Structure formats: structure tokens, C-alpha cells
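Working through the structure, step by step
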Amino acid sequence: MFSLSLWGQDNPKKIQSNQLRIDSLIQRLDYDQALQLAYDNLKIARLAESKLLLAKTQTEIADLFFRKDNFDSTQIYAERAIDLAKEHSWPEVITQAYLALGNVHYARFEDNKAIAIYQQIDSIAESTGIQQPHVVNAFYNLGKVLLRSYSVQDTTYIGKAEDYFKKGIDMALAIPDTDEEHYGYIMLGNIYGQRGEFRKALPYFEKSLTYFESQDEVKNTALIYWSLGIIQTDLKNYDQAEAYYRKRLDLLTKTGRPLEIAEANRVYAGFLVRIGKHQEAIPYLQKAYDYFQRSDAGYSGVLQGIVNALAASYRETGDYRKATDFYQRALVIKDSLEARKQKDLALELEAKYQNQKKEQQIALLNIQSELLELRQKRQRSVLLIGIIITSVAGVVLFILYRNRQGTNRRLKELDAAKSNFFTNISHELRTPLTLIHGPVEEELENPELSKRSKSNLEIAKRNTERLATLVNQMLDLSQLEAGFYKLQVTPGPLSSFLKLQLESFAYSAAKKSQRLNMETDLSEKQYWYDPDVLQKILVNLLGNAIKYSPEQADIYFNARVEADTLLFTVRNTGVALNKMQLGAIFDRFHRSHEQETGSGIGLALTKELVSLHKGEIVASSRKNSVSFQVRMPVNRLNYTAAEQGTTTKRAEPSTHPQDPEIDHKEWIEIEEVHHSEGINTQFEEQEIILVVDDSEDVRTFLSGILESEYRVITAPNGKIGFQKAIQEVPDLIITDLMMPEDDGLQLTENCKKDDATSHIPVIMLTAKAGDENRLEGLETGADIYITKPFSSKILKQTIENLLTTRKKLQNRFRQEVILTPKEISISSYDERFLESLQQVLDEHLVASDFNAEAFAEALHMSRMQLHRKLKALTGQTTSEFIRNQRLKLAVSLLENSDLNISEIGYQVGFNDHSYFTKCFRESYGSSPSEFCQRKSS
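Just so you know, these numbers come straight off a predicted model, no measurement behind them.

So, how was this worked out
- Residues numbered from 1 in each chain as written.
- Predicted model: local features only at pLDDT ≥ 70, side-chain atom pairs only at ≥ 80, totals over all residues.
- Heavy atoms only, no water.
- Helix = DSSP H or I, 4+ residues; strand = E, 2+ residues; numbered from the N terminus.
- Buried < 20%, exposed > 50% of the residue type's maximum accessible area, 1.4 Å probe, protein only.
- Contact = heavy atoms within 4.5 Å.
- Areas by Shrake-Rupley, 256 points an atom, 1.4 Å probe, with all protein chains shown as cover.
- Salt bridge = Lys/Arg side-chain N within 4 Å of Asp/Glu carboxyl O.
- Phe/Tyr/Trp six-rings, centres within 6.5 Å; stacked < 30°, edge-to-face > 60°.
- Lys NZ or Arg CZ within 6 Å of the ring centre and 35° of its normal.
- Pairing = 2+ DSSP bridges.
- Axes fitted to C-alpha atoms, helices over the stretch in contact; angles between N-to-C directions.
- Polar contact = N/O pair within 3.5 Å; in protein donor to acceptor, adjacent residues only side chain to side chain.
- Core = buried A, V, L, I, M, F, W, Y, C linked by side-chain atoms within 4.5 Å.
- Parallel < 35°, antiparallel > 145°, perpendicular 65-115°, else oblique.
- Nonpolar A, V, L, I, M, F, W, Y, C, P; charged D, E, K, R; others polar.

Describing the overall build of the protein chain
Across its full length, the protein chain carries 37 helices and 12 strands. Out of the 937 residues belonging to the protein chain, those deemed buried represent 48%. By sequence separation, contacts in the protein chain at least 24 residues apart represent 65% of the contacts at least 6 residues apart. Surface summary for the protein chain: the accessible area is close to 47,200 Å², and the carbon and sulfur share equals 50%.

Right, here's the structure in full:
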């Protein structure tokens, strides 16, 4: 954290006041409240237009996010602070932000990255003379990461770590900073403890323990208890060791911090396992397991150790069923960790293959050398020389044969990998295209943009769209080559389909003052064709005709069916091609019109698609015109059963050309502060959007375009996304389709099946194009499916439409006296929840002690989950919902029973008659008695 001296005397008083409170809250481990105050400071810094204050506050926020184990947010805020500080040469801020960044790598066990950053802090401090607590902290962390890097064979790291600890203590004494000084004593004690020099270690621990206990400082006191427990265990003083471990566990349990509690349980259980108390260890191991198996902070290695210890403990206590279960879980975790090593293994095998080839070449050279030596000596008979030559030739031929086999095998692998490469690279290009086109599109909305800048940005936008089209074409070609592009013909009205395709090009033709003429001789009967394939063929042919024809030219489209074969022609005027150009027109990357730009892929793709549809395409040219004639069968008998789809499983293709749509970037995960009912916070009125995507750039970009209107939280995969959805119950989820550890389909399914999250609209935002993928996402429960690249304006409008629909449902529910979900357009999951809700109300509503807590418990939900769920469905808090339901029931009784007003109030759950009257007046504008009089009159 920053000291007040580092904040300076010229800062707004409010910031210094908040900083004192932040320091106090950090001492009490209340990081959520501290983070709220830090965000207040951030707003003040922006209003003051002070970049220095802004950089310092961002660094403070990064430090607090790190303390909350939110590493993604830590990294983003730290990098922002670093960029600002480097721009203005503020070494204190640079080193402080570097510390937060290094701590993230340290926590993720990325030791090399952590060491590099800590050493940068050391270098900056040495060159500028900075002496601050955060520099001391960097020295200690550098020592710690070196300490855990040592091995039995190489113990030099222990000495290097000791040097950094002593360097930190010297700076702490010079500042002075008593806290950091005594923390350094703990580090030195650990050094001597690892060396087995216990008598040397104990004085350091005792000295620092006396200090930190007098300060009621929890974290370091617990750390010392742990170190003393280790020493006493090594000395075989098990009773004393256990006492220290128990003290540590009790102390950290009081903090309420889940990670520290889980870690303390794990360490204490490990001690019990070590001394053979397996039965006693199991409950503590189970508590640690319950936390780490659902944690998203990257503790796979720790979890594996806990699971192994549980398996061993159950085995030792004779519970072989549970032991087997945990051994199986350990294998799953081990497989996950081993997966990370596969890439290195593949590289190692490739290196061995190359070495083997070199050895073969060396062997061949050695044989040739021996042959030359034999010839020079001429001491053996011609027969012997002949035998040797034959043998050598045989060896050479055998080696060449083996090499040729290896080469052929390698070529086959490369050929198979080629299609995968184009598929993967096309998929990967969609996300960066989104992040290029989005900011350009957003800048074009700026009314203050200069004419030149707008022209340049429009050029960038057009070329990005062209690149997106090329990506789509590359993907289609790679799928066709690999045999993944499957024909799916279905029956449909061919005449209507062709007319719709032609109409979609009318605007493009009109822009160039061209005339688009269509002549068809088709009945309205059903023909068998693949709408997606036929659409792409027409898009390429008609698009080229409009593109390469001059202004005011005529473009003709003729279509008819003869003998169950579709025959159509696309002819443009004003241009012509010679015989050589026509011969190469379907070649890839060939451009007949050299004066025009283009990839040369479109017509090659068109020919492949026509062939896939069992047809043929021919190009011809006459004076002043170019024609393309296409023939393809449209009878069911021409296609196999596998090539015939069903109309229920096929999504209708778009009736418009596939123009690419793209999108943008800026900020990050906003304040993730948990709300509880009855507490007014600055975020209470903001709708929450959860963004789930494995690309950090996409998460940052979407947060940037949405954070001005919504509170945005993020997650890197579907597993963590579902955990955050359960915890926060957002108003809307935007998720990628392809992600590690539960993809978007699994996330959507999990959310729709859980009562706490079943109502949340889901937008599936993905680079995986295709009707099959879109249909699968929609069938899983996604409300909208948008393909990358996409338009930020369309996305934002889609979000607004979905949330507006939810608000209409809220108004509808408010008007219901009794919930009738089947009469309202909602999902089956929400219907199930509302039926459970109504059942609970029927049983408990009139009980006077029925409150929000009892309501949540009856529905097996937390208060926060029920609060967010009811807010989303009805726009009311849990208490408001209960009160309104009681009042609606009271109105029903007033209208249909002979009970007096007091009796009705008690019957619907109001113990206080005056409170019942007050609530009734607030809701209906009159007292119960006045209401009855109006009804009777």
C-alpha cells in the first residue's frame, strides 16, 4: 500500500482521508470495503485531472485486487499505472506497480517472470535511490521465490535469498519501517530453519512474534506459528508443534478469509498425516479440499497434494471406498497437469527425430569413407571389393529407403495438418479482426472527427471487412479440402429463394446505377438443394458481376429447371476476357482484372462448391460481356442419405450477402463488490453483465464498451463463469463458444438448469461460424447467437432489447395477484422456479415470521441469489416481494370475505395493524377501510 508521504501534501484532503481508512481496513483484512474507497479515490483523481493521482490510485487498486486473489484485474490495473508512470518518469509509482505485477507471477508459480520483475524494481531503486516499504517488500519476495527454487543438488539459491532478506532488513531499518523489519526477521528465521540451524532461527522468530502479537497483526503472527511448527516437528517435539499449528488455524479462522482458512487446515492436516494421525487429519483435509476444488485462483498443484493425502488417510483408516474415489480424483488432476507438458514432449520428439536423421547421414558418410579407404589399399581381391561395394550400396539404399518412408509419412502428416492449419488460423483471425474493426467503428461515430481522419478510418474499416470476407472464404476452402464441409440438401421453394437472393443485391447495383435483370421459369414446387451452398455460389457470382461491371451496365440472371437440373446464368456487360484469362479464371489467387483488387479465392471457392453440389460451372466471354453457366441437380435421388438434411435441423440461411461485422476495446473488470439486500451501494441500480471469454483482449474490450452503462464482471472460461454467475446472479451473460474448462454450451446448460440463474439471458458470441454451431447454441438455451467479427452497436442494442424484454416481464409479474407463469412467455426453467416459488408462498406467506431469510432457505438459495433472481423477474427486493404478495392477498380477502380489517392484516402475516395500514396506503393510495368503502360504493 502507499504511505501518506508518497501521496504528497498537495492531494485532495478526501483522498488522504480515504487512504487512512484504506490502511486500517487492510490491517483488518476487509479488502472489499477498502476497494470501494479506492474507487472513490479513482473518481476524485479523474475529476482533479491529476495523472499522478490516477496512476497511484490504479496501483492501489491493483494491490487490493491481488489481496482478493483476483489476478486478472491486478494485472490490468498495474499495467495501466506502469504506462502512465513511464510516460511521466515517476519511479515510485513504477516500482509499486511492478511489485503488484511481480506478485501475480509469484502467486501463479511463474518464477522466472516474477524474478525478472523484482530485479527490475531492485535496479530502479538502486539507480534512483528510492527507499520505500514496497521496495523492501520486493526484496523479500525475490528472496522467497529464490528460496523455493533451490534443489538438493543446487543450494546456491539459499545464499542468494539470504542476501536479499538482509538487504530488505537494512532498508527497513533505514526508512525506518518496523513492520517490514520484523517481517525480514521471519524470512531470516526460515533460511536458518531450512538449513537445520534451529538454534540460530528461533531467536529471530521469537523476536518477531513478540512484536507482531503486540500489534494484533494476524497475517505475520500466523506465519511465525507455521514456521515454529515446522521447526518443532523437525525436532520431533510433536506436542509443541501441534500447539503452534492449532494456534495458527484458530487465528486465521477468526479472519473469515476462505483462502487463509483453507491453507491453515491443509497445513495442520499435513502435520497430522506426517505423525500418523490419519483419522484426525481427514476433517481438516476435507475442509481444505472443499475450498481448493472450487477455487479459480490456479491451485491445481495444491489440490493434487490434498487429494493424495485424503486418499492415503482413508486407506490407512480402512475406508477403501473413499480411498479409491480420491485416488481416481488425483489421477484426473494429474492428467490435467500433465497436459501442460505435452507441447514440450512434442518438441522433444521432433528434436530426437532430427538427431536421428543426422546420425543416419553421419553413418552414410562413414561408410563412404571406409569404401574410399578400401579402394586405396587395394589389398583385397576384386571379389571382396565387389562384395563390399554391394553391401555398402545395400546399406545406402536401405537408409535412403527408410528416409524416403519417413519423408512420405511426414508429407502425409503435413498434408493433414494443412487443412487444420487453415481452419485454425481462420478461426483465430476472427478475434483480432473484432478488436481492429471495433475501435475503428467506434471512432467513426465521433462527430468531432476531422474529414481526413474519417476518410482514413473508413479505408481501414473497408479493408478489415475485406479481410473478414477472405477469412470466411479460406475457412470454407479448408473445410472443402479436408472433407469437413458436408452437403445438406433439403426441400424448399427454389423460385422464392432465388428471388430473395437477387433482391439482396439490388441496393449494391443501384449504388453504381446498374440494372439487375432477372428472368426465371420455375414453378413453386419443392426442389432439393443446399441453401447455404447455393447462397454462397450466388453471392460470389453476383458480387463479382456488380464489382467488375462499369456504372450504368446491365447484369442478367436467368434460371430454369430442366430434367430435375437447375440451370442458371449470371452475365455482366461492359467487360470481356481473353482466352488465356478464361482458362485460369477458376485458379486460386488468379485475378482476371489486374486493375482491380481481390484475393482470387472467390471463384475458386465457387467452383469447389458447385462440384460439392454435384454440378458444373463454365465461364465464357463474348464482346463486351462475361457469362457463368451453372448446372446442378435438384432431385432428391441425386443425393445420398447422408447428404440429405431435414428442415427441422437446418437453420434458414441469411437472405443477404455475408458482409462481415466487427467490434472494439478498452477497460476491464469493474468493482466486483458483493451486495446484500438492504444495503444501498453505488452499484445497486446498475445492471450486471457477465462476460465469459478465454481471450483477455476480448474481455477487456467488451468491458470497455459496456462499463459506462452496466457493471461488468468477467471470467476466462465456462467453469469459472458459472461460479461467478451463481455468486453474482447477473442480469445478462455474454459468452464465447470455444473455451477450455467448460465451453459456452456447457456454461449455458449449467446456468439454465440452476434455479438461481435460469432466468438470465445468454448471448453466444463466438468465432465459430456455421448454421450447425448456431443451432446447437440456440438449442442449449442461448437467447442470441452472434458471430465474430461483430458490430458493437448491434451487440449493445441486442443487450438493451433483451433487458427491456425482462423489464416488461417484471411489470407483468407485478400485476399478478397469484403468479401464473404459464400465461406469461418465459422459459421452462423459469416456469419451474415460479411454480416452486408459488408453492412456498402458499405454505408460508401468511406466517408472521416468514421473512427474506426463511424465503431463501425454503427455496434452497442464498439471500443474495434470491434477491437478484426476484429483482430480475419482478423488479422487487425479497422483502418488497413478500410484502406486496401479502398486500395482494389482503386485497383479495377485503373484496371476497366478511373478515374485519384487523383480522385480515393478521391473517396475511402483519403483526402490527398500523404497519399493515401504512404499507397498504403506500401501495394502493388509501387505507384498507377507505378501500372497502370505495368498493362498496
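Focus on the pattern of salt bridges
Evaluated as defined, the whole model comprises 22 salt bridges. Arg 108 is paired through a salt bridge with Asp 72; the nearest N and O atoms lie 3.2 Å apart. Of the two residues, Arg 108 is situated in the loop between α6 (91–107) and α7 (111–128) and Asp 72 in helix α5 (residues 71–88); the sequence distance between them amounts to 36 residues. Judged by its relative accessible area of 18%, Asp 72 falls in the buried class. Here Lys 277 ties to Glu 242 by a salt bridge, and the two come within 3.4 Å at their closest N and O atoms. Within this pair, whereas Lys 277 is found in the loop between α14 (258–274) and α15 (278–292), its partner Glu 242 is found in helix α13 (residues 238–253), the two being separated by 35 residues in sequence. What makes Lys 277 partly exposed here is its relative accessible area of 31%. Glu 242 sits in the buried class, given a relative accessible area of 16%. It is possible to trace a salt-bridge network through shared partners that takes in Asp 72, Arg 108 and Arg 699.

Quick word on the packing of aromatic side chains
Here the structure, examined in full by the defined rule, presents 18 aromatic pairs. Aromatic side chains Tyr 140 and Phe 165 sit 6.4 Å apart centroid to centroid with 55 degrees between the ring planes, which places their arrangement in the tilted category. One end of the pair, Tyr 140, is in helix α8 (residues 133–147); the other, Phe 165, is in helix α9 (residues 156–174), and 25 residues separate them in sequence. Pair check on accessibility: Tyr 140 and Phe 165 agree, each one buried. For the pair Tyr 314 and Phe 326, a centre-to-centre distance of 5.7 Å together with 15 degrees between the ring planes defines the contact as stacked. Highlighted residues: Tyr 314 in helix α16 (residues 300–316) and Phe 326 in helix α17 (residues 320–339), separated in sequence by 12 residues. Taking the relative accessible area as the measure of exposure, Tyr 314 reaches 8% and is therefore buried. Among the aromatic residues, ring-to-ring pairing joins Tyr 39, Phe 65 and Tyr 77 into one connected group. In this structure, Arg 80 packs its charged tip against the face of Tyr 77, placed 5.0 Å from the ring centre. Between the NZ or CZ atom of Arg 329 and the centre of the ring of Phe 326, over which it lies, the distance is 4.5 Å.

Points about the sheet that holds strand β2 (residues 515–521)
Taken in spatial order, the five strands make up an open sheet running β2-β4-β5-β7-β6, and their pairing is mixed. In the strand order of this sheet, the two ends are held by β2 and β6 (616–622), each with one partner. Sheet twist, expressed as the average angle between the axes of neighbouring strands with direction ignored, equals 15 degrees. As defined by bridge partners, β6 adjoins strand β7 (residues 625–633) across seven bridges and the pair is classed as antiparallel. The partner of Glu 616 across the bridge, within β7, is Arg 631. Together, β2, β4 (554–562) and β5 (565–573) form the strand contacts of helix α21 (residues 494–504), whose direction differs from that of β2 by roughly 175 degrees. Strands β4, β5, β6 and β7 of the sheet are contacted by helix α23 (residues 531–548), whose axis makes an angle of about 20 degrees with β5.

Describing the environment of Gln 75
On the secondary structure map, Gln 75 appears in helix α5. C-alpha of Gln 75 to C-alpha of Thr 59: the two residues are 16 residues apart in sequence and 9.9 Å apart in space. In contact with Gln 75, not counting residues within four places along its chain, are Leu 101, Val 104 and Arg 108. Looking at Gln 75, its side chain comes within polar contact range of the side chain of Arg 108, at 3.4 Å.

A short note on the pairing of strand β10 (residues 732–735)
When a strand is regular, its side chains alternate between the sheet's two faces. Residues of β10 alternate between two faces, with Leu 732 and Ile 734 on one and Ile 733 and Thr 735 on the opposite face, all of them buried. Bridging between strand β8 (residues 688–692) and β10 involves four bridges; their strand directions are parallel. Note that in β10 the partner of Ile 689 across the bridge is Leu 732.

A short note on the nonpolar core
Counting residues in hydrophobic clusters, the biggest one holds 76 residues, and the most contacted among them are Ile 61 and Tyr 118. With residues up to four places along the chain from it excluded, the contact list for Tyr 118 reads Leu 99, Gly 102, Asn 103, Tyr 106, Ala 138, Asn 141 and Leu 142. Counting residues in hydrophobic clusters, the runner-up holds 43 residues, among them Leu 522, Ala 559, Phe 586 and Ala 619.

Brief notes about the packing of helix α34 (residues 878–896) against helix α36 (residues 913–924)
One can describe the packing of α34 onto α36 by two numbers: an axis separation of 11 Å at closest approach and a directional angle of 90 degrees. Considering the angle they form, α34 stands roughly perpendicular to α36. Taking contact as the criterion, the partners of Arg 883, Asn 884, Leu 887, Lys 888, Ala 890, Val 891 and Leu 894 in α34 are, on α36, Tyr 915, Phe 916, Cys 919, Phe 920, Ser 923 and Tyr 924. When grouped by side-chain class, the residues that make up the contact of α34 with α36 number nine nonpolar, two polar and two charged.

Structural notes on unusual backbone geometry
Across the chain, the bulk of peptide bonds are trans and the bulk of non-glycine residues have phi less than zero. Cis peptide bonds are those with omega within 30 degrees of zero, and the linkage from Ile 175 to Pro 176 qualifies with -10 degrees. With a phi close to 55 degrees, Ser 513 is a non-glycine residue in the positive phi region. Along the chain, the position of Ser 513 falls in the loop between α22 (506–511) and β2.

Some details on the environment of Asp 742
Within the element layout of this structure, Asp 742 appears in the loop between β10 and α28 (744–753). Given a relative accessible area of 30%, Asp 742 falls into the partly exposed group. Aside from chain neighbours lying at most four places away, what touches Asp 742 is Asn 717, Gly 718, Lys 719 and Asn 750.

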